[in-house]
Amino acid sequence: MNPDALAAHVAAILAALMQEGRLPSVDLPEVRMERPKNRDHGDYATNVALTLAKPAGLPPRDIATMLVEGLNAVPGVASAEIAGPGFVNIRLDSAAQGELARTVVAAGTDWGHGTSLAGRTVNVEFISANPTGPLHLGHTRWAAVGDAIARVLAAAGATVATEFYINDRGVQMDKFGASVMAAANGRPVPEDGYHGGYILDLAAAIVMARPDITSLPEDQQLIAFREAAYALQLKQQQQVLALFRTHFDVWFSERSLHESGAVERGMAKLREQGHVVEQEGAIWLRTTDFGDDKDRVLVKADGEYTYFASDTAYYVDKRARGFDLNIYLLGADHHGYVNRLRAVAACAGDDMDENVEVLIGQLVKITRGGEEVKLSKRAGTIVTLDDLVEEVGVDAARYTLARYPADSPLTLDLEEMTRATNDNPVFYVQYAHARIASVLRNADELGIDWQGAEFAPALLDHERENNLLGMIGEFPRIVASAAELREPHRVARYLEDLATAYHRFYDVCRVLPRSDEQLAPIHIARLWLCASARQTIANGLDLLGVSAPERM
RNA sequence: GCGCCCGUAGCUCAAUGGAUAGAGCAACCGGUUUCUACCCGGUCGGUUGGGGGUUCGAGUCCCUCCGGGCGCACCA
């Protein structure tokens, strides 16, 4: 029996009580089945009697009494009792609980996946950097968290596309080109240009590939350098993200919006809806109609489109491509965009609460042994994604970034991220996986065919087995809540608790027969439990884009 | 000035309005005759920034004050 099935029983009992007239017929609140922190409160607990008390006009304990009566008749429920103001604490038979291991092994890599977001088509846009330099820490947080959000949404049944918006248009591209050109010609980089050491590398690479470039006239040379540097820098970003296992389904160029006519189409769409006005020679979108604090310019008085015009066109384009939910993951310095992006959706005739969602990621600070690390060898200003991966590795970087909610500022220490002990949660979780894999390997070598043997779930009645099973049973709900709340850190925190539950089990419950022992049903049952724990950890790590090693 | 985010143990952080606010680190004390000790058990540690409110119940919601971060372009 899993918690959802138990919750369904509770709902059915309450519905029956209403049918019989013992409870007034009111809207049934969502039945929440919690795993109590304090195990004295049972395997599961529900507060539904408390939430039902007010609408039903009955004391919570009276409702709980009727619920307990019904629950005690449910097969698999060992006991149900009232506690405190009206909580109902439930204990399951060990057999009912142990059956879960079979469910998990049968589900395999699908275990934990659900349908709570089935039918939703979601676009997750993140990082979306200028192709004018290496990706830095601000991008890195979203590279880990954004990718994990996309994976978790997909696990909840949504159809998900990840997208990187390349800001390849506008004056910063010219500044970038001018900087590289200056470096290639041995001149100082312009004051308002890009000054990182990588500019020199780009200049050298471009001149190497195309020695005649510096003899072009200035205006042509600027364009040639700009385009060549753009191509190289974008490729570098793509390579480091691939190395980081952050996959984008679409790399969307801002320029392409202008080249394809999408900007005109977007403008037309907004005009249709009646929120485009002309004032003082410029064309504006009246975003203040929908809660923005000022209107935004689409076309400047000189006839040039603004960046904001691209944004609106991009949104309209995404909608036209069939995404009913567009999630934007932005850095803290972009929080001013939240209202404006929501207003764009509303101006396009959409529902700003349904069709668009903007998440803000706060800053990440890096320390090494307590000292803040600011300088990057290459960029000259800030720590880059390359630097981080090089120093701590992909698994540690991804996991560490993904285990904190993105909306609070974060300080990470490089030394702690690389320590290979339980100081470091990523190793702790991975170690649990490797440890189980080792036990299963040993079982195999001993010729134990646990999958073919009779599995007696009722034997898993040790407190630590019960606890481990309970933790495993939580996984689908953890995934669903991580997706619903866009908070994949919940998966990481869960995995740490699950790993602890496994280690505690392993510490006390011998899985394989010792050399002087015969193979017994308890060994088989524990192997099923091990296999289900291993599957759950592997599936959870996969949602975070972290590897689940067989050996460590 | 206006707006957004944040404030929880010495440090880094959890906690979807639920029961006694939890982990890891740091400090101290223990544990393995055989499966991975990268493990397990224990001790120490809190006025959840202050104050008020909402309710059966508030770290969580509302108001206010204090402190920190960020943003307020016909730039991109």
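These numbers come from a predicted model, not from an experiment.

J.: So what exactly am I meant to see when it comes to the side chain of asparagine 466 here?
T.: For asparagine 466, the position within the fold is in helix H17 (residues 463-485). Assessed through its relative accessible area of 15%, asparagine 466 is described here as buried. Those residues within four positions of asparagine 466 in sequence are excluded, and the remaining contacts are Arg35, Arg39, Asp43, Gln97 and Leu460.

J.: How should I be thinking about the sheet that holds strand S10 (residues 296-299) in this particular structure?
T.: Hydrogen bonds between backbone atoms are what pair the strands of a sheet, whose relative direction is either parallel or antiparallel. One open sheet holds the three strands; their spatial order is S8-S9-S10, and the pairing between them is antiparallel. Whereas interior strands pair on both sides, the edge strands pair on one side only; in this sheet they are strand S8 (276-279) and S10. Taken over all neighbouring pairs, the strand axes of this sheet differ in orientation by 45 degrees on average, direction set aside. Here three bridges tie strand S9 (residues 282-285) to S10, and the two strands are oriented antiparallel to one another. The residue bridging tryptophan 284 from the neighbouring strand is valine 297, located in S10. Taken strand by strand, helix H10 (residues 262-272) contacts S8, S9 and S10, and its axis lies near 65 degrees from that of S9.

J.: How should I be thinking about the sheet that holds strand S12 (residues 356-361) in this particular structure?
T.: The sheet built from five strands is open, its strands ordered S7-S6-S5-S11-S12 with parallel pairing. In this open sheet, the two strands that pair with only one neighbour each are strand S7 (250-253) and S12. Within the sheet, the average angular offset between the axes of one strand and its neighbour, ignoring direction, is 25 degrees.

J.: Please clarify how the packing of helix H2 (residues 48-56) against helix H3 (residues 60-71) should be interpreted in this entry.
T.: The geometry of a pair of packed helices is captured by two quantities: the angle between their axes and the separation between those axes. The interhelical angle for the contact between H2 and H3, taken along N-to-C directions, is 120 degrees, at an axis separation of 8 Å. One finds that H2 runs oblique with respect to H3. In this structure, H2 meets H3 at a crossing whose hand is right-handed. Side by side, H2 and H3 meet where Val48, Ala49, Leu50, Leu52, Ala53 and Ala56 of the first sit next to Pro60, Ile63, Ala64 and Leu67 of the second.

J.: What am I meant to see in the protein's contact with RNA strand B here?
T.: Near RNA strand B, the surroundings consist of 66 residues, among which Arg169, His335, Tyr337, Arg435 and Arg504 are the closest. The sugar-phosphate backbone supplies 63% of the atoms of RNA strand B found within 4 Å of the protein. Contact distances for RNA strand B include 2.9 Å between a sugar or linking oxygen and a side-chain N or O atom of arginine 32. Between RNA strand B and serine 438 there is a distance of 2.2 Å, counted from a phosphate oxygen to a side-chain nitrogen or oxygen.

J.: I keep staring at the pattern of salt bridges and nothing clicks. Help me out?
T.: A side chain with one charge may pair with a side chain of the opposite charge, provided their charged atoms come close. Applying the stated rule across the entire model yields 30 salt bridges. Arginine 296 is the salt-bridge partner of aspartate 292, the closest N and O atoms lying 2.8 Å from each other. Comparing aspartate 292 with arginine 296, the two get one shared label, buried. Arginine 342 serves as the salt-bridge partner of aspartate 353, at 3.3 Å between the closest nitrogen and oxygen. Note that aspartate 353 is positioned in the loop between helix H12 (337-347) and S12 and arginine 342 in helix H12, a separation of eleven residues in sequence. The exposure class of aspartate 353 is exposed, given its relative accessible area of 58%. Via salt bridges that share partners, Asp147, Arg151, Arg398 and Asp542 belong to a single interconnected network.

J.: Honestly, the side chain of arginine 35 in this entry has me stumped. Any pointers?
T.: Locating arginine 35 in the fold gives a position in the loop between strand S1 (33-34) and strand S2 (44-46). Buried and without a salt bridge, arginine 35 has aspartate 43 as its closest oppositely charged side chain, separated by 4.8 Å. At 3.0 Å, the side chain of arginine 35 and the backbone oxygen of aspartate 43 are in polar contact. Setting aside anything within four residues of it in sequence, one finds arginine 35 in contact with Asp43, Tyr44, Asn466, Asn467, Gly470, Met471, Glu474 and Arg477.

Cut-off values and rules
- Residues numbered from 1 in each chain as written.
- Chains lettered and ligands numbered in written order.
- Predicted model: local features only at pLDDT ≥ 70, side-chain atom pairs only at ≥ 80, totals over all residues.
- Heavy atoms only, no water.
- Helix = DSSP H or I, 4+ residues; strand = E, 2+ residues; numbered from the N terminus.
- Buried < 20%, exposed > 50% of the residue type's maximum accessible area, 1.4 Å probe, protein only.
- Contact = heavy atoms within 4.5 Å.
- Pairing = 2+ DSSP bridges.
- Axes fitted to C-alpha atoms, helices over the stretch in contact; angles between N-to-C directions.
- Parallel < 35°, antiparallel > 145°, perpendicular 65-115°, else oblique.
- Left-handed = near helix turned anticlockwise from the far one by under 90°.
- Near = heavy atom within 4 Å.
- Polar contact = N/O pair within 3.5 Å; in protein donor to acceptor, adjacent residues only side chain to side chain.
- Salt bridge = Lys/Arg side-chain N within 4 Å of Asp/Glu carboxyl O.
- Lys, Arg positive; Asp, Glu negative; His and termini not counted.

So yeah, pure geometry; function would need other evidence.
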